[in-house]
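Geometric and topological summary
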Amino acid sequence: MKLFIDTADLNEIKEIASWGILDGVTTNPTLLAKSGRSLQDVINEIFVLVDGPISLEVVSEKAEEMVTEAKQILTKIPKNYHKNVAIKIPMTSEGLKAVKKLSKEEIKTNVTLIFSANQALLAAKAGATFVSPFIGRLDDNGQEGMRVIEEIMDIFCNYDINTEVIVASIRHPIHVIEAARLGADIATVPPDVLRKMLKHPLTDVGIKRFLKDWEKVTK
Ligand code: E4P
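What comes next is a walk through the structure. As the structure is a prediction and not an experimental result, all values here were calculated from the model.

Assigned secondary structure in the protein consists of 11 helices and eight strands. By residue count, 45% of the 219 residues in the protein fall in the buried class. Across the protein, every contact between residues at least 6 apart in sequence was considered, and the portion connecting residues at least 24 apart equals 57%. Carbon and sulfur atoms form 53% of the exposed surface of the protein, whose accessible area is close to 11,800 Å². One way to put it: in the protein the 28 positive side-chain charges average out to a point 3 Å from where the 30 negative ones average out.

If you want it as structure tokens, here you go:
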């Protein structure tokens, strides 16, 4: 399973990219606002830090405007990085029209704010490169987010649909394990959850014990 980082915080991206485990980045308007940096600032650095799909979201609501905005975003990005851009489009009928147009022009899209398998199926049929079901928000709403991932994986597998599933709105490390067990293509994970995935108290205890014992050997 590929791992994306779900943040626009460049320091976090830099640090976690240095672990050598990142395959891409997802951002959204909320994450950009939190980073305190302008879109152009983030764009200038993010593509150098991670060589993989980087999702940047449009805020227009009409299909034509979404397409224009997507192309404006592309003008801000050096040509050699265009292959890594995925334009995030919201899951609406206007969004689907925009996805269709962009996919015809071979511009990658990531359909966001997906909360059901039917929405994922529609987005895939419109030509989405990625779909992003938000499992944490479903859990928050009293539904079982992972169940939607299971349904999407079954449907995409039944019909050999090659749209990739990005498990999004991840809240804790168990979400990542469950996503991987279901065969999801990608999990986009917030930095704090990536850190929790890395850590285990027994690893720390084990390192301390080995170092202590090594001191005895070298004394
Ligand atoms: C995905 O691309 C979104 O940026 C993200 O996963 C949303 O997560 P949230 O529900 O924590 O805001």
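Of note, the phi angle at leucine 113 is positive, near 65°, even though the residue is not glycine. Along the chain, leucine 113 falls in strand β5 (residues 108-114).

Moving on, we get to the site of the ligand. Taken together, the neighbourhood of the ligand is formed by Asp6, Thr26, Asn28, Leu31, Lys88, Phe134, Arg137, Ala168, Ser169 and Arg171. Contacts to the ligand include asparagine 28, whose side-chain N or O atom sits 2.8 Å from an oxygen atom. In this structure, lysine 88 approaches the ligand through a side-chain N or O atom, which is 2.6 Å from an oxygen atom. For the ligand, the accessible surface in isolation is 350 Å², of which the surrounding protein chains cover 85%. Split into classes, the residues belonging to the shell around the ligand amount to three nonpolar, three polar and four charged.

The next thing to look at is the sheet that holds strand β2 (residues 24-26). Reading around the barrel, the eight strands line up as β1-β2-β3-β4-β5-β6-β7-β8 and close back on themselves, with parallel pairing between neighbours. Between one strand and the next, the sheet's axes are offset by a mean angle of 30°, whatever the strand orientation. Looking at chain direction, strand β7 (residues 164-167) and strand β8 (residues 186-189) are connected through two bridges and run parallel. Considered in β8, the bridge of valine 167 is made with alanine 187.

On to the pairing of strand β4 (residues 85-90). Of all six residues that make up β4, six are buried, and the element is covered over most of its length. Alternating residues of β4 divide into Val85, Ile87 and Ile89 and Ala86, Lys88 and Pro90, and every residue in both groups is buried. In this structure, strand β3 (residues 54-57) lies alongside β4, joined through four bridges in parallel fashion. Pairing of leucine 56 across the sheet is with isoleucine 87, part of β4. As for the winding sense of the linkage, the β-α-β connection from β3 through helix α4 (residues 63-75) to β4 is right-handed. Here β4 pairs with β5 via five bridges, running parallel. Paired with lysine 88 across the bridge in β5 is asparagine 110. Taken together, β4, helix α5 (residues 93-104) and β5 form a β-α-β motif whose crossover is right-handed.

So, on to the packing of aromatic side chains. For the structure shown, the criterion picks out three aromatic pairs. Between phenylalanine 47 and tyrosine 81 the ring centres are 5.6 Å apart and the planes differ by 35°, which places this aromatic pair in the tilted class. Placement of phenylalanine 47 in helix α3 (residues 39-49) and of tyrosine 81 in the loop between α4 and β4 is noted, with a sequence separation of 34 residues between them. When the centroid spacing of 5.7 Å and the interplanar angle of 65° are considered together, the rings of phenylalanine 115 and phenylalanine 134 count as edge-to-face. Taken together, the residues span a long stretch of sequence, with phenylalanine 115 in the loop between β5 and α6 (117-126) and phenylalanine 134 in the loop between β6 (130-133) and α7 (135-140) at a distance of 19 residues. A relative accessible area of 28% means that phenylalanine 115 is categorised as partly exposed.

Attention now moves to the pairing of β8. Put simply, side chains in a regular strand alternate between the two faces of the sheet. Burial along β8 is two-sided: Ile186 and Thr188 and Ala187 and Val189, pointing in opposite directions, are all buried. Summarising the sheet, strand β1 (residues 2-6) and β8 pair through four bridges and their orientation is parallel. What sits directly across from leucine 3, in β8, is alanine 187. In this fold, β7 hands off to helix α9 (residues 173-181), which returns the chain to β8; that crossover is right-handed.

Parameters and conventions
- Residues numbered from 1 in each chain as written.
- Predicted model: local features only at pLDDT ≥ 70, side-chain atom pairs only at ≥ 80, totals over all residues.
- Heavy atoms only, no water.
- Helix = DSSP H or I, 4+ residues; strand = E, 2+ residues; numbered from the N terminus.
- Buried < 20%, exposed > 50% of the residue type's maximum accessible area, 1.4 Å probe, protein only.
- Contact = heavy atoms within 4.5 Å.
- Areas by Shrake-Rupley, 256 points an atom, 1.4 Å probe, with all protein chains shown as cover.
- Lys, Arg positive; Asp, Glu negative; His and termini not counted.
- Charge placed at Lys NZ, Arg CZ, Asp CG, Glu CD.
- Near = heavy atom within 4 Å.
- Polar contact = N/O pair within 3.5 Å; in protein donor to acceptor, adjacent residues only side chain to side chain.
- Nonpolar A, V, L, I, M, F, W, Y, C, P; charged D, E, K, R; others polar.
- Pairing = 2+ DSSP bridges.
- Axes fitted to C-alpha atoms, helices over the stretch in contact; angles between N-to-C directions.
- Right-handed = clockwise from strand over helix to strand, strands pointing away.
- Phe/Tyr/Trp six-rings, centres within 6.5 Å; stacked < 30°, edge-to-face > 60°.

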